[in-house]
Structure formats: C-alpha cells, structure tokens
Amino acid sequence: MASARPAGRGPFALLIVVLLAGGLIALLMLNTALNQGSFELTKLQKRTTTLTDEQQGLQQQIDRWSAPDALEQRARQLGMVPGNGPAFLQPNGIIQGTTSPLTGPPVPTSSPSAAPSSSPSPSASSASVSASASASPSSSSNPSAASSATASPGDGLIGVR
C-alpha cells in the first residue's frame, strides 16, 4: 500500500505569492485609474473657470450695451427721436390721449447695417417693436411697414425713417 504523503509547502506558498501579486497589480491599476480621473477633473475645472470668465465678460458687455445712455446713443444713430406722450385706443374705438407728429433731426442716409461694429447693435427683433403692429395685426408680416416706424421699449424713443 502506498502511504499518503502530506502536501508540501510549495503549492501553498505559490498560491500566496500569486494572490499577493494579483492584489498588488489590482491596487496599481486602481491607483492609475484614480490619477487619470484626477487629471481629467483638473482639466475640466480649468475649462469651467475659463468659460465662467468668458460668461462674466459677455455679461459685462451686455450690461454696457443695455445702459440707458448707450441705448439712447444707439437709437439716435439709427435716427430715432424721443417720443411724445402715449395715446391709447380704447375697445370702443375712442382714442385716449393726444397724438402729434414727431420732430427730430433728419434721418441718416446710411443703413443700420453700415454702422461701425464697435457700437452696440441690439437685434431688431428683440429691441424694437413695430409702432403700427399695435394698430393692425397684419402689419407685422409687411417688412416695409415694420421698418417705417419703430419703438424701442425701455428707452422711450420712437423714430420714423
């Protein structure tokens, strides 16, 4: 009969070495992944700072262009003049208030698109309202009627070209 031989220490020691090496490699890979994530986070934080600075600069530019004196100057460059007191059309057709023609400096001959780009140029759709649009809804589809009389809410100037 063959006697059972006790297992040696070799296979157990090899198992322990393999487990320790595997753990060490896993720890190294985890550390590398964390460092890579840290570098990505730093890069994204710098990008966020850059974009925040740009957003603040653009907001300051909007604030400068939205200032009442800048709006008045731009409106005068476009040939607009201060408006008179408002007149309202009541539902029964009676006009409340008085109307009178606007008087002001002569209309500039250059088009608004030929104005220098350094001056603030609010878009016509957001900063001006057709003065005749309140009288008839169909006038908003007529581009020549919309360009003949404009009103800029907020600066109190109304102009006729």
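The rules behind the values
Residues numbered from 1 in each chain as written. Predicted model: local features only at pLDDT ≥ 70, side-chain atom pairs only at ≥ 80, totals over all residues. Heavy atoms only, no water. Helix = DSSP H or I, 4+ residues; strand = E, 2+ residues; numbered from the N terminus. Buried < 20%, exposed > 50% of the residue type's maximum accessible area, 1.4 Å probe, protein only. Contact = heavy atoms within 4.5 Å. Areas by Shrake-Rupley, 256 points an atom, 1.4 Å probe, with all protein chains shown as cover. Polar contact = N/O pair within 3.5 Å; in protein donor to acceptor, adjacent residues only side chain to side chain. Salt bridge = Lys/Arg side-chain N within 4 Å of Asp/Glu carboxyl O. Patch = residues over 30% accessible without salt bridge, like charges linked within 9 Å, V, L, I, M, F, W, Y side chains within 5 Å. pLDDT = per-residue confidence, 0-100.

Enquirer: Give me the lowdown on the overall build of the chain, citing residues and values where you can.
Expert: The helix and strand inventory of the chain stands at four helices and six strands. If you list the helices and strands of the chain from N to C, you get α-α-β-β-β-α-β-α-β-β. Burial status across the chain gives 11% buried among its 161 residues. Of the contacts made within the chain by residues no fewer than 6 positions apart, 49% connect residues no fewer than 24 positions apart. As displayed, the chain has an accessible area near 12700 Å², and 64% of this comes from carbon and sulfur atoms.

Enquirer: An account of the environment of Asn 92 is requested, with residue identities and associated values reported.
Expert: Residue position: Asn 92 is located in the loop between strand S2 (88-89) and strand S3 (95-96). From its side chain, Asn 92 meets the backbone nitrogen of Ile 94 in a polar contact 3.2 Å long.

Enquirer: An account of the pattern of salt bridges is needed here, citing residue identities and associated values.
Expert: Inspection of every chain in the model, using the stated rule, returns two salt bridges. In this structure, Glu 40 and Lys 43 form a salt bridge, with 4.0 Å as the shortest nitrogen-oxygen distance. Residue Glu 40 and its partner Lys 43 are located together in helix H1 (residues 9-66), separated by three residues, close to a single helical turn. A relative accessible area of 53% means that Lys 43 is categorised as exposed.

Enquirer: Which residues make up a nonpolar patch on the surface, and what are the values?
Expert: A cluster of nonpolar side chains, namely Phe 12, Leu 15, Ile 16, Leu 19 and Leu 20, defines an oily patch on the protein surface of about 540 Å² accessible area. A residue is classified by how much of its surface remains accessible, and Leu 20, at 61% relative accessible area, is exposed.

Enquirer: Lay out the confidence of the model for the chain with the relevant residues and their values.
Expert: Taken residue by residue, the chain gives an average pLDDT of 74. The fraction at 70 or more is 60%. Model confidence for the chain, summarised as mean pLDDT per element, is weakest for strand S4 (residues 129-130) at 38 and strongest for H1 at 95. Confidence over residues 114-155 falls short of pLDDT 50; this stretch has 42 contacts with residues more than four positions distant or in other chains.

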